Number of protein chains: 2
Amino acid sequence: MSERNRRFVLRERPSGRIGPGTFEMFDEPVPNIVEGEALVRTQWISLDPANRGWIRDVPSYVPPVEIGEVMRGLGLGRVVASKHPAYREGQLVTGPLGWQEWAVTRDAALLQPVNEIAGVPVSAHLGALGMTGWTAWVGMTDIGRPRPGETVVVSAAAGAVGSVAGQIARRRGARVVGIAGGRDKCALLTERLGFDAAVDRQAGDWREQLAAATPEGIDVDFENVGGEVMDAVFARLNLRARVVLCGLISAYNDVEPPPGPRNFRILLTRRVRLQGFIVLDHLERRGDAVAELSGWLAAGELEVLETVVEGFERLPTAINMLFDGTNVGKLVVHVADD
Amino acid sequence: MSERNRRFVLRERPSGRIGPGTFEMFDEPVPNIVEGEALVRTQWISLDPANRGWIRDVPSYVPPVEIGEVMRGLGLGRVVASKHPAYREGQLVTGPLGWQEWAVTRDAALLQPVNEIAGVPVSAHLGALGMTGWTAWVGMTDIGRPRPGETVVVSAAAGAVGSVAGQIARRRGARVVGIAGGRDKCALLTERLGFDAAVDRQAGDWREQLAAATPEGIDVDFENVGGEVMDAVFARLNLRARVVLCGLISAYNDVEPPPGPRNFRILLTRRVRLQGFIVLDHLERRGDAVAELSGWLAAGELEVLETVVEGFERLPTAINMLFDGTNVGKLVVHVADD
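Turning next to the pairing of strand S5 (residues 92-95) of chain A. Residues and elements named next belong to chain A. For strand S4 (residues 75-82) and S5, the ladder comprises four bridges, and the chain directions are antiparallel. Bridge pairing links Leu76 to Thr94 in S5. The sheet contact formed by S5 and strand S7 (residues 112-113) spans two bridges and is antiparallel. Note that in S7 the partner of Thr94 across the bridge is Gln112.

If you want it as structure tokens, here you go:
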């Protein structure tokens, strides 16, 4: 266990893809805490498409990370020392720890205690029981609202959000079609996660696969990707379809915004409801989401996919797995053992 | 009064703009009715952007008009003979009479009786009290739902739908900004219709005008136009804004669909709700819409704009006024006196 605190700070905003010059690693002594502070040892760091948005210098739902600041990121760790009444030593917590091995917090509401579930790895609290699971649950339950028998399409379906979103839709009685890159991911969707069909984005005939998998059109698009995949999904939307606009990862590295959907007019002629959403707007639903997902997880009724990258120093390269599509399920970096 | 029945039939689908070869005029004897039919003398024909969509050979909310069929269109006329229990002689009715001087109907539910209001021209039943007024009312009241003090932007604001939509938003206590082409239309919006500000789409500085007119951003976009105007409006949407997607007239003559909105991503980051709608889905609100609009009209609290083109034979040229923006308010063709 490191006696120094290694931290990645933002060195320059990437134009396009995150590269070797984007972050710089510093180390410093492990901080001493003063009255009103708690010290957390980072164990896991969550890598999310949102990380890419946070270092973009444009107005968004949170201010961008500034040059020279520690990179923003969600993590999970254990409180190792506390002079803050809200935190007690030994407690496992999740929250915006940042890309650092040790984090000091002064804010009582910032970190959430983790209720460990027997047989469930703690990293699930960054995935299916964390922000991504909660995103999937709110988006599908409150916004997409699939009815039994309806057809739901989930893009980036083997990703952290998509893999949970599709399973939720299945449990609500919908027919669920996942779009993912590669035959292995597609097999995972249908064989392990119970999706009704999968469309291989890397196959030459992916459009035909999508048509074959959605013979009655599409009632709910849980959209994580954008670009030409979204265009193809839009073309098959049914009357009064819902688009849960959760992510547009295909363009997150683009310098210029990409062209919008070619068939935007379909949203009018088919009377589609499209709702952009950020889970942070739905704090009041967190309890319900975590309760239902925890129940399924404890009962073995929810499959959790996870890709673990070993070692703090690999954060800046591991993040590109999200954009290359090389991760399956939740992408986490393991920083330290318990 | 013509003793022949002139009718325009669809001759060929226009690629782009409606031209001299699009429709062909025929005449035939005024039809005799048989048991179960009623004969209506057309007085007014409504010209609407929807006409353009109806002759496009793509799936939409209604089947396209077929080659050789009488052009579909809403109209207003008087029942001159009836052998149908639902219609009585002398009754004024509105509905899909088509582009013809006389129409025979067999369908009891097709035409609605008109309740004339003293001092209000009957053509208002094709505009503010007809489909376009009802569209404005449903879109603003049920979908846009502006709250007092919010900023509402209406594109094509001097058009049939926009001019009513903006006035409704004003009556709900919102700050209303209209976008229209030309200084005369803009003056009409602020001086006669009570809009808080107007943006002249034909001015070189229209983007700056839009920014100046919406210093606190935009909460509701009542979208009738699409294209670069919509892009500029999207860029100024506030968190949790609503887009009432009512029309995309800028592209109705396009052969290929135009690029979608450049800043589509804003719908995600600002958590926008966008709803495509067609008023025909909201039949249950027609009574409420007409009741409120009639009340305002009778009380002189709703300004009605209308452009009247004289003569049945001018239908195929008059329709292009909608796309050229040369009409103000509801565009109607006067076919015959009462």
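Once the structure has been displayed, the description carries forward.
Residue and element names in this part refer to chain A. Non-glycine residue Arg145 carries a positive phi angle of around 45°. Position of Arg145 among the secondary structure elements: in the loop between helix H2 (131-144) and strand S8 (151-154). Judged by C-beta crowding, with 16 C-beta atoms within 10 Å, Arg145 ranks as partly exposed. Despite not being glycine, Arg271 shows a phi value in the positive range, around 55°. Here Arg271 is to be found in the loop between helix H7 (265-269) and strand S13 (273-276).

Pairing within the open sheet is mixed, and its twelve strands lie in the order S10(A)-S9(A)-S8(A)-S11(A)-S12(A)-S13(A)-S13(B)-S12(B)-S11(B)-S8(B)-S9(B)-S10(B). Looking along the sheet, the strands with just one partner apiece sit at the ends: strand S10 (197-200) of chain A together with strand S10 (197-200) of chain B. With strand direction ignored, the average angle separating the axes of adjacent strands in the sheet is 15°. The pairing of S8 of chain A with strand S11 (residues 218-223) of chain A spans three bridges and is classified as parallel. Across the sheet, Val153 of chain A pairs through a bridge with Asp221 of chain A, a residue of S11 of chain A. Sheet strands in contact with helix H4 (residues 183-192) of chain A are strand S9 (175-180) and S10 of chain A, and its direction is about 170° off that of S10 of chain A. Relative to the sheet, helix H2 (residues 131-144) of chain B contacts strand S8 (151-155), strand S11 (218-223), strand S12 (237-245) and strand S13 (273-276) of chain B, its axis offset from that of S12 of chain B by approximately 145°.

Bringing the interface of chain A and chain B into the picture now. The interface of chain A with chain B comprises 26 residues on the first partner and 26 residues on the second. At the level of elements, H7 and S13 of chain A are the ones that each hand at least two residues to the side of chain A that touches chain B. Considered class by class, the residues forming the side of chain A that touches chain B number 14 nonpolar, six polar and six charged. Sheet topology places S13 of chain A next to S13 of chain B; three bridges connect them, and they run antiparallel.

Size of an interface: often given as the accessible area lost when the parts come together. Residue and element names in this part refer to chain A. With domains assigned, chain A is organised as domain 1 (4-124 + 305-334) and domain 2 (131-280). Its C-alpha centre places domain 1 at a distance of 28 Å from the equivalent point of domain 2. Contact residues are listed per partner, giving 16 residues for domain 1 and 15 residues for domain 2. Counting only elements with at least two residues in the side of domain 1 that touches domain 2, the list comes to helix H1 (49-54) and strand S15 (330-334). Among the elements that line the side of domain 1 that touches domain 2, the one with the most residues is H1, at three residues.

Right, let's talk about helix H8 (residues 286-298) of chain B for a bit. Residues and elements named next belong to chain B. The end-to-end C-alpha distance of H8 is 18 Å, a good match for the 18 Å that 13 residues give at a rise of 1.5 Å each. Along H8, the positions that sit buried rather than exposed are Ala289, Val290, Leu293 and Leu297. Take H8 and look down its axis: the buried residues cluster within an arc of 90°, on one side only. Away from its buried face, by an angle of more than 90 degrees, H8 presents the exposed residues Gly287, Ala291 and Gly295. Once H8 ends, the next one or two residues include Gly300, with phi positive near 75°.

Under the fitted operation, chain A is carried onto chain B by 0.0 Å of movement along the axis and a turn of 180°, and the coordinates agree to an RMSD of 0.0 Å. When the rotation and shift are considered jointly, the pair of chain copies conforms to a two-fold rotation axis. When C-alpha positions in chain A are compared against the rotation axis, the closest is assigned to Gly260 of chain A, at 1.9 Å. When the interface residues of chain A are mapped onto chain B, 100% of them are again interface residues, pointing to one common binding face.

A word on the confidence of the model for chain A. Confidence in the prediction of chain A, expressed as mean pLDDT, is 94, and 99% of residues score 70 or more. What the predictor reports for the complex is a pTM of 0.89 with an ipTM of 0.87.

The next point concerns the packing of H2 of chain A against helix H3 (residues 160-171) of chain A. Residue and element names in this part refer to chain A. Where H2 meets H3, the closest approach of the two axes is 8 Å, and the angle between their N-to-C directions is 40°. By the angle between their directions, the pair H2 and H3 is classed as oblique. The two elements H2 and H3 cross, and the hand of that crossing is right-handed. On H3, the residues touching Thr132, Gly133, Thr135, Ala136, Trp137, Gly139, Met140 and Thr141 of H2 are Ala160, Val161, Val164, Ala165, Ile168 and Ala169. Taken together, the residues of the contact of H2 with H3 break down into nine nonpolar, five polar and no charged.

Rules and cut-offs
- Residues numbered from 1 in each chain as written.
- Chains lettered and ligands numbered in written order.
- Predicted model: local features only at pLDDT ≥ 70, side-chain atom pairs only at ≥ 80, totals over all residues.
- Pairing = 2+ DSSP bridges.
- Helix = DSSP H or I, 4+ residues; strand = E, 2+ residues; numbered from the N terminus.
- Buried ≥ 20, exposed ≤ 12 C-beta atoms within 10 Å, placed from the backbone.
- Axes fitted to C-alpha atoms, helices over the stretch in contact; angles between N-to-C directions.
- Contact = placed C-beta atoms within 7 Å.
- Nonpolar A, V, L, I, M, F, W, Y, C, P; charged D, E, K, R; others polar.
- Domains from an automatic or database assignment.
- Expected span 1.5 Å × (residues − 1).
- Arc of directions from axis to C-beta.
- Least-squares fit on C-alpha atoms with pLDDT ≥ 70 in both.
- pLDDT = per-residue confidence, 0-100.
- Parallel < 35°, antiparallel > 145°, perpendicular 65-115°, else oblique.
- Left-handed = near helix turned anticlockwise from the far one by under 90°.

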